[in-house]
Amino acid sequence: MTMRHASTDHLDRLTVRLAGVAATLSLACVLACGSAAPQPAWNGAAVEPPTPAPALAGTNWNGDSFGLADHDGQVRVVFFGYTYCPDICPMALAKMKQLVAGLDARAEDVAVVFVSVDPNRDTVDKLSRYVPGFDPRFYGLHIEPNELDAIADDFGVTIRYGRPPDGGDGNRYLVDHTGTFFIVDRAGQLRLTFPPNATASEMLPDIEILLAEDAAA
Amino acid sequence: MSTDAAAHPSARRRRGPACCAAAFLALIALAGCSSRQPAADEALADDFVAPDFLAPETADQPAPGPEAARVPLDEPPVAELGELAILRPRVMLLPTSAALYVTVVNRGAAAERLVRAASPSAALIELHESVVQDGAMRMIAHDDGFVLAPGGHLALEPGGKHGMIIEARPPEGAESIAITLSFEHAGDVTVDAPLMTASEILEGGRR
């Protein structure tokens, strides 16, 4: 060092100082935005800041137990519905079928989770005759009523049971429920929501961005 | 299917790459992006407070179905009844539920009303409408039927007005069932409605 020319030394110190300024600027950026990474232009509504996905556990249509956290490493699409739902729920499942078709081989990194809001009628057996008809890779969860309430609250999902017709079949009622699609990333963070009328082609690019992220992110 | 995401209601809630730009602007305004958090949703029920990750929903939005499932009004009708044209009747049949979709064009100068739909292969068909209310999917029963304005049309389509078919019992191996539509003035017309999967319905229900 002592052998170096004075002007070189000066330049070195300037470089160090500039690097320091750059580091300060980067830190300012990180502090300001929470993340240095630019936010993608999502089609869905971003959950900001991302929050850990609520716990979700139940029995899948094939009798296996299911836990949402057991699927860390996969992107998860969670939505609520019931098998007697005549209009919206089948459309939601058909959209999921379009979505996984669009993902092709990457579909194995995505878990589609249909949560029944009607555990009294949607037994595991009933779900087994419904959900795999769309795609056997889809999960269809039966959750006991006392547990379902807490899970729905955690997701911000409302469930209201209609009244059966007077003097008619007591097993015939409608269920009002939140139709939001909840998107959970590989690391288990709730990242996006989509309204019930979103299309598969709107969801696909967002899912692809999340699939490109590191699971440990 | 629509790929025009900008026209979609969800586009209103899109949060652009503002953070990226703000990274540069952060020098000037360190406050940057932290104010972009969505406002907490309004309470959905008296005792319910939505978590703040639930995006706000406009109350009572109709729940428009996918564009691909919409029937062009100039499509050749499968049947005509006076001034009414019946377009693309179809039934979505699932193990536990079934729905009737059809479009009716009123070419007349008088208002008309669809008062009832029925089928020998179903216990009952109720006229319903799916709507989004406070973020929840609701079904509204239209016991008085659906009005067709003069020169207007009625579209029973996924995510909106539809016939909820109760106890659909199509004959073994049937590919379609008979549906009778009853109108206040024009009377009854019976059409053959193909039985379809949800995916076929979502993709337009053409046969």
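Worth saying up front: this structure is predicted, and the values here are computed from it rather than measured.

When helices and strands are counted, chain A shows five helices and ten strands. Across chain A, contacts joining residues at least 24 apart in sequence account for 72% of those joining residues at least 6 apart.

With that settled, the discussion passes to the overall build of chain B. A tally of regular secondary structure across chain B gives two helices and twelve strands. Listing each helix as α and each strand as β along chain B from the N terminus yields α-β-β-β-β-β-β-β-β-β-β-β-β-α. When each of the 207 residues of chain B is scored for burial, the buried share is 50%. Across chain B, the fraction of contacts at a sequence separation of at least 24, relative to all contacts at a separation of at least 6, is 62%.

Right, let's talk about the pairing of strand S11 (residues 176-183) of chain B for a bit. Residue and element names in this part refer to chain B. With respect to burial, S11 is a largely interior element, six of its eight residues being buried. With eight bridges joining them, S11 and strand S12 (residues 187-196) adopt antiparallel strand pairing. Following the sheet pairing, Phe183 is matched in S12 by Gly187. Once S11 ends, the chain turns through three residues before running back antiparallel as S12.

So, on to the sheet that holds strand S1 (residues 45-52) of chain A. Residue and element names in this part refer to chain A. Ordered in space as S1-S10-S9-S4-S5-S6, the six strands form an open sheet in which the pairing is mixed. In the strand order of this sheet, the two ends are held by S1 and strand S6 (139-141), each with one partner. For this sheet the average axis-to-axis angle between neighbouring strands, irrespective of direction, equals 25 degrees. Sheet analysis places strand S5 (residues 110-116) next to S6, joined by three bridges and oriented parallel. Opposite Val113, over in S6, you have Tyr139 as the bridge partner. Contacting strand S4 (75-81), S5 and strand S9 (181-184), helix H4 (residues 145-155) crosses the sheet at an angle of about 120 degrees to S4.

Let's shift gears to the environment of Ser201(A). All names here are of chain A. Relative to the elements of secondary structure, Ser201 occurs in helix H5 (residues 200-212). For Ser201, a relative accessible area of 26% puts it in the partly exposed group. Separated by 61 residues in sequence, Ser201 and Gly140 have C-alpha atoms that sit 23 Å apart. A distance of 3.2 Å separates polar atoms of two side chains, one belonging to Ser201 and the other to Thr199.

Here we come to the pattern of salt bridges. Residue and element names in this part refer to chain A. Tallying each qualifying case throughout the model produces 15 salt bridges over all chains. Across the salt bridge formed by Arg106 and Glu208, the nearest N and O atoms sit 3.0 Å from each other. Taken together, the residues span a long stretch of sequence, with Arg106 in the loop between helix H2 (88-103) and S5 and Glu208 in helix H5 at a distance of 102 residues. By relative accessible area, Glu208 is classed as partly exposed at 29%. Put simply, Asp109 and Arg186 hold a salt bridge, and the shortest N to O gap is 3.8 Å. Of the two residues, Asp109 is situated in the loop between H2 and S5 and Arg186 in the loop between S9 and strand S10 (189-194); the sequence distance between them amounts to 77 residues. Asp109 sits in the partly exposed class, given a relative accessible area of 28%. Relative accessible area serves as the criterion here: at 14%, Arg186 is assigned to the buried category.

With that settled, the discussion passes to the confidence of the model for chain A. Residues and elements named next belong to chain A. Mean pLDDT over chain A works out to 87, with 82% of the residues at or above the 70 mark. The low-confidence segment residues 1-9, where pLDDT is below 50, has two contacts with residues more than four positions distant or belonging to other chains. Counting interchain partners and residues more than four positions distant, the pLDDT-below-50 stretch residues 27-34 has 16 contacts.

Residues and elements named next belong to chain A. According to the stated counting rule, one finds one disulfide over all chains in the structure shown. Through a disulfide, Cys85 is tied to Cys89; the S-S separation comes to 2.3 Å. Classification of the bridge connecting Cys85 and Cys89 rests on its S-S torsion, roughly 85 degrees, and on that basis the disulfide is right-handed. Both residues of the pair, Cys85 and Cys89, count as buried.

Owing to its 3.6 residues per turn, the α-helix brings residues three or four apart onto one side. All names here are of chain A. Regarding H4, the residues found buried are Leu148, Ile151, Ala152 and Phe155. In an axial view of H4, the angular spread of the buried residues amounts to 100 degrees, which keeps them on one side of the axis. Tucked into the core, H4 has its buried residues touching strand S2 (57-59), S4, S5, strand S7 (159-161) and S9. Positive backbone phi, at 75 degrees, marks Gly156, one or two positions downstream of H4.

Further remarks concern the environment of Arg113(B). Residues and elements named next belong to chain B. By the element assignment, Arg113 lies in strand S5 (residues 112-118). Taking the relative accessible area as the measure of exposure, Arg113 reaches 26% and is therefore partly exposed. Between the C-alpha atoms of Arg113 and Ala186, which are 73 residues apart in sequence, the distance is 9.0 Å. Excluding residues within four positions of it along the chain, Arg113 makes contact with Asp144, Phe146, Val147, Leu148, Ser182, Phe183 and Glu184.

So, how was this worked out
- Residues numbered from 1 in each chain as written.
- Chains lettered and ligands numbered in written order.
- Predicted model: local features only at pLDDT ≥ 70, side-chain atom pairs only at ≥ 80, totals over all residues.
- Heavy atoms only, no water.
- Helix = DSSP H or I, 4+ residues; strand = E, 2+ residues; numbered from the N terminus.
- Contact = heavy atoms within 4.5 Å.
- Buried < 20%, exposed > 50% of the residue type's maximum accessible area, 1.4 Å probe, protein only.
- Pairing = 2+ DSSP bridges.
- Axes fitted to C-alpha atoms, helices over the stretch in contact; angles between N-to-C directions.
- Polar contact = N/O pair within 3.5 Å; in protein donor to acceptor, adjacent residues only side chain to side chain.
- Salt bridge = Lys/Arg side-chain N within 4 Å of Asp/Glu carboxyl O.
- pLDDT = per-residue confidence, 0-100.
- Disulfide = S-S within 2.5 Å.
- Arc of directions from axis to C-beta.

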